[in-house]
Structure formats: structure tokens, C-alpha cells
Amino acid sequence: MTAENEREIYHKLEAMKEIRNKTITLERLKRSILNEVRSGDQEGRCLAQYKREMEMLQQEKMSHVEELRQIHADINAMETVIKQTEESMTRKLSTASRLHEDYRPLKAEVDLLRRQCLGLDRLPDLHEEEGSPITPDRFPAGPVRAPPFVAPAPRKPPPPPPAFRQQPPPMKSCLSCHQQIHRNAPICPLCKAKSRSRNPKKPKKK
């Protein structure tokens, strides 16, 4: 074996070692991105259900004058849940976008090394993975930059309490985690299980 052959073998071994290390890092980034995207999409589905419930509460507010105070409390609670869910969804998808900034150049480098050093095909893109929640247009093709931080708007001061005693909101037990949740919550905010009432409302007699 000539010295030139030995050098070629040595360079190939070094390239394989580098590819292996970077591929491991690439896989970790990929798993993190997939987890964040799946979690963010789940929050988005929950958000749509919460907003539908908000619309139902608004209709109930207009039709039941005697329950107006309680409906206001329901709306305030639902607005808080919606705001928290929106923030959670935005945070998770923003994290996935930042991780993708590290993933994309590293994958390009690994693909180049695989092709030049080993003659292998490129690794599949995230949207090409079987069962991936990522679509081809999920992340922009150019440089990915995290959105600028926007400070939350200051909360408005709460209105003065009414002169009469505030009744506690009606609660029910979640059938999955058995925690106390609001009677109108479509989904348990603690375990995300769908909620249904054990004692559905009976139609009021005219």
C-alpha cells in the first residue's frame, strides 16, 4: 500500500467520523423541531375549539339576561385560556423556527459531505419524512430569523366590584383527571381531554 493510498484512506475515515458526529446532531435538531411543531399544531387545534366556545358564550350572553354576570365571568376565564394558548402556540412555533435555522445549514453541510466523500444521496428533508407534520412551506427558504419580541400590552385595570356578592362560578370534575374545571369548558385546560357534562341542562319550561 502506497503512502498516497494510506492518506486517502485516512481522509475518508476522518470524513466518516465528522459525518457521523454531525448527523447525530442533525437528528437531535430534527427531533426537537418535529416535537415543537406537533405541540404547536395541537395548541392551534385547541385554540380553534376555545374560540368556538367563546362564540357560543357570546350568543348565550345575548339571550339570557338573568345569567349576564356569570357569562361575563365565563368570558373572562375563556379569554385568559385563549391568550395563554396563543402565547404557547406562538412560543413553540417560534422555537421550531429558531431550531430550523441551525438545522438547515448543518443538513446542507452533511449532504455535501455525504455526496463528495462517500457518494451518498442527500438525507430527506423534514417535509419528506413519513408522517411529518411539516409542509414544504412551513419554514421560509431564505434565512430564518426569530420574530422581534413584542412586549404584551398592559392589562386594563379591573372594573370596581359590584355591590352584591359575587357567586362562585359553577364547576364540574374532569372525567379524565378529576380536577375541578369550569362547567362550560369544552376541553380540560389541565389534561386537554374533551369534557362533557354528566348532568346536561334541561330545556327551560316556557
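Residues numbered from 1 in each chain as written. Predicted model: local features only at pLDDT ≥ 70, side-chain atom pairs only at ≥ 80, totals over all residues. Heavy atoms only, no water.

Engineer: Explanation requested: the overall build of the protein chain in the structure shown.
Structural biologist: Each helix and strand in the protein chain was counted, giving 2 helices and 2 strands. Tracing the protein chain from N to C terminus, the helices and strands come up as α-α-β-β. A burial count over the protein chain gives 28% of its 206 residues as buried. Contacts spanning at least 24 positions in sequence make up 64% of the contacts within the protein chain whose residues lie at least 6 apart. For the protein chain, the computed accessible surface area is about 15200 Å², with 55% contributed by carbon and sulfur atoms. (Helix = DSSP H or I, 4+ residues; strand = E, 2+ residues; numbered from the N terminus. Buried < 20%, exposed > 50% of the residue type's maximum accessible area, 1.4 Å probe, protein only. Contact = heavy atoms within 4.5 Å. Areas by Shrake-Rupley, 256 points an atom, 1.4 Å probe, with all protein chains shown as cover.)

Engineer: Is there a simple way to explain the side chain of Thr85 in this structure?
Structural biologist: In this fold, Thr85 is placed in helix 2 (residues 68-118). A residue is classified by how much of its surface remains accessible, and Thr85, at 6% relative accessible area, is buried. Apart from the residues within four sequence positions on either side, Thr85 is in contact with Glu43, Leu47 and Tyr50.

Engineer: Explain the pattern of salt bridges to me, please; I cannot follow it from the model alone.
Structural biologist: When the charged atoms of two side chains lie near each other, side chains of opposite charge can form a pair. Applying the stated criterion to the full structure yields 10 salt bridges. Across the pair Glu128 and Arg122 runs a salt bridge, and its minimum N-O distance is 2.9 Å. Through salt bridges with shared partners, one network takes in Lys107, Asp111, Arg122, Asp125 and Glu128. (Salt bridge = Lys/Arg side-chain N within 4 Å of Asp/Glu carboxyl O.)

Engineer: What is the right way to read the confidence of the model for the protein chain from this model?
Structural biologist: Do not read the fine detail of predicted coordinates wherever pLDDT is low. Per-chain confidence: the protein chain averages 81 in pLDDT, with 80% of residues scoring 70 or above. Within the protein chain, the element-level pLDDT minimum falls on strand 2 (residues 180-182), averaging 75, and the maximum on helix 2, averaging 92. Scored below 50 in pLDDT, residues 145-153 shows 4 contacts in the model against residues more than four places distant or in partner chains. (pLDDT = per-residue confidence, 0-100.)

Engineer: Could you clarify how one ought to interpret the nonpolar core in this entry?
Structural biologist: Where a protein is soluble and globular, its nonpolar side chains tend to be buried together. Counting residues in each nonpolar core, the largest one holds 13 residues, and the members touching the most others are Ile33, Val37, Tyr103, Leu126, Ile134 and Phe139. Elements with a contribution of two residues or more to this core: helix 1 (3-63) and helix 2. Top contributing element to this core by residue count: helix 1, with 5 residues. Ignoring sequence-local partners within four residues, the contact set of Phe139 consists of Ile33, Val37, Ala96, Ser97, His100, Leu126 and Ile134. Counting 12 residues, the second-largest nonpolar core is a separate cluster that includes Leu47, Met54, Met78 and Ile82. (Core = buried A, V, L, I, M, F, W, Y, C linked by side-chain atoms within 4.5 Å.)

Engineer: Help me out: how do you make sense of the packing of helix 1 against helix 2 in this one?
Structural biologist: Put simply, helix 1 and helix 2 touch, their axes get as near as 6 Å, and they point 160° apart. By the angle between their directions, the pair helix 1 and helix 2 is classed as roughly antiparallel. By crossing handedness, the relation of helix 1 to helix 2 is classed as left-handed. (Axes fitted to C-alpha atoms, helices over the stretch in contact; angles between N-to-C directions. Parallel < 35°, antiparallel > 145°, perpendicular 65-115°, else oblique. Left-handed = near helix turned anticlockwise from the far one by under 90°.)

Engineer: Even after reading the chapter, I still don't get the environment of Gln49, so can you show me in this structure?
Structural biologist: If you trace the backbone, Gln49 turns up in helix 1. Remark: the alpha-carbon pair of Gln49 and Ile187, spanning 138 residues in sequence, is separated by 8.1 Å.

Engineer: Is there a simple way to explain a nonpolar patch on the surface in this structure?
Structural biologist: A surface patch of nonpolar side chains, about 430 Å² in accessible area, is lined by Ile9, Leu13, Met16, Leu118 and Leu120. Per-element accounting of the nonpolar patch gives the leading share, 3 residues, to helix 1. The class of Leu120 is partly exposed, set by a relative accessible area of 37%. (Patch = residues over 30% accessible without salt bridge, like charges linked within 9 Å, V, L, I, M, F, W, Y side chains within 5 Å.)

Engineer: Is there a simple way to think about helix 2 in this case?
Structural biologist: Think of an α-helix as turning once every 3.6 residues; residues three or four places apart then point the same way. Given a rise of 1.5 Å per residue, 51 residues ought to cover 75 Å, and the 71 Å separating the end C-alpha atoms of helix 2 matches this to within 8%. Looking one or two places after helix 2, you find Gly119, whose phi comes out positive at around 70°. (Expected span 1.5 Å × (residues − 1).)

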